[in-house]
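Read off the chains here:
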Amino acid sequence: MKATIKKKTYDTSDATYLGHRYNGEYGQADGFEERLFATSDGQHFLYGIGGADSPYSEPEIKLLSNEEAETWKQENNVE
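Anyway, here's the lowdown on the structure attached to this text.

The rules behind these values
- Residues numbered from 1 in each chain as written.
- Predicted model: local features only at pLDDT ≥ 70, side-chain atom pairs only at ≥ 80, totals over all residues.
- Heavy atoms only, no water.
- Salt bridge = Lys/Arg side-chain N within 4 Å of Asp/Glu carboxyl O.
- Helix = DSSP H or I, 4+ residues; strand = E, 2+ residues; numbered from the N terminus.
- Buried < 20%, exposed > 50% of the residue type's maximum accessible area, 1.4 Å probe, protein only.
- Core = buried A, V, L, I, M, F, W, Y, C linked by side-chain atoms within 4.5 Å.
- Contact = heavy atoms within 4.5 Å.

### Side note on the pattern of salt bridges
At step 1: Applying the stated criterion to the full structure yields 4 salt bridges.
At step 2: For Arg 35, the salt bridge goes to Glu 33, with nearest N and O atoms at 2.9 Å.

And the structure:
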């Protein structure tokens, strides 16, 4: 997925995949998945997808600060 945020394009196919987390079971309306990525210049973003009642009812890319990315990695046991 690609998204342009503040004139910069973030693309899951060009970034480095770092890890993921699931919330719920596949097919649940409130279930979702988040995948953490890093760009070549060190920026982090989450790609979220989910059911109709989830925070990601539409696929979305969210930018994270380095602190937010480290916290996300610790909370989700990602190295």
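Having seen the structure, we can now continue with the description.
### A word on the environment of Asn 77
At step 1: Its place among the elements puts Asn 77 in the segment after α1 (66-75).
At step 2: For Asn 77, a relative accessible area of 71% gives the class exposed.
At step 3: Sequence separation between Asn 77 and Gly 19 is 58 residues, and the spatial gap between their C-alpha atoms is 8.8 Å.

### Quick word on the environment of Tyr 26
At step 1: Structurally, the position occupied by Tyr 26 is in the loop between β3 (16-23) and β4 (32-38).
At step 2: For the pair Tyr 26 and Thr 9, spaced 17 residues apart in the sequence, the C-alpha separation amounts to 29 Å.

### Comments concerning the nonpolar core
At step 1: Core analysis: the largest hydrophobic core is formed by 8 residues, namely Phe 32, Leu 36, Leu 46, Tyr 56, Leu 64, Ala 69, Trp 72 and Val 78.
At step 2: Counting 7 residues, the second-largest nonpolar core is a separate cluster that includes Ala 3, Tyr 10, Tyr 47 and Ile 61.

### Focus: the environment of Glu 60
At step 1: Relative to the elements of secondary structure, Glu 60 occurs in strand β6 (residues 60-64).
At step 2: C-alpha of Glu 60 to C-alpha of Ala 3: the two residues are 57 residues apart in sequence and 8.1 Å apart in space.
At step 3: Once residues within four sequence positions are removed from consideration, Glu 60 is found in contact with Met 1, Leu 46, Tyr 47, Gly 48 and Pro 55.

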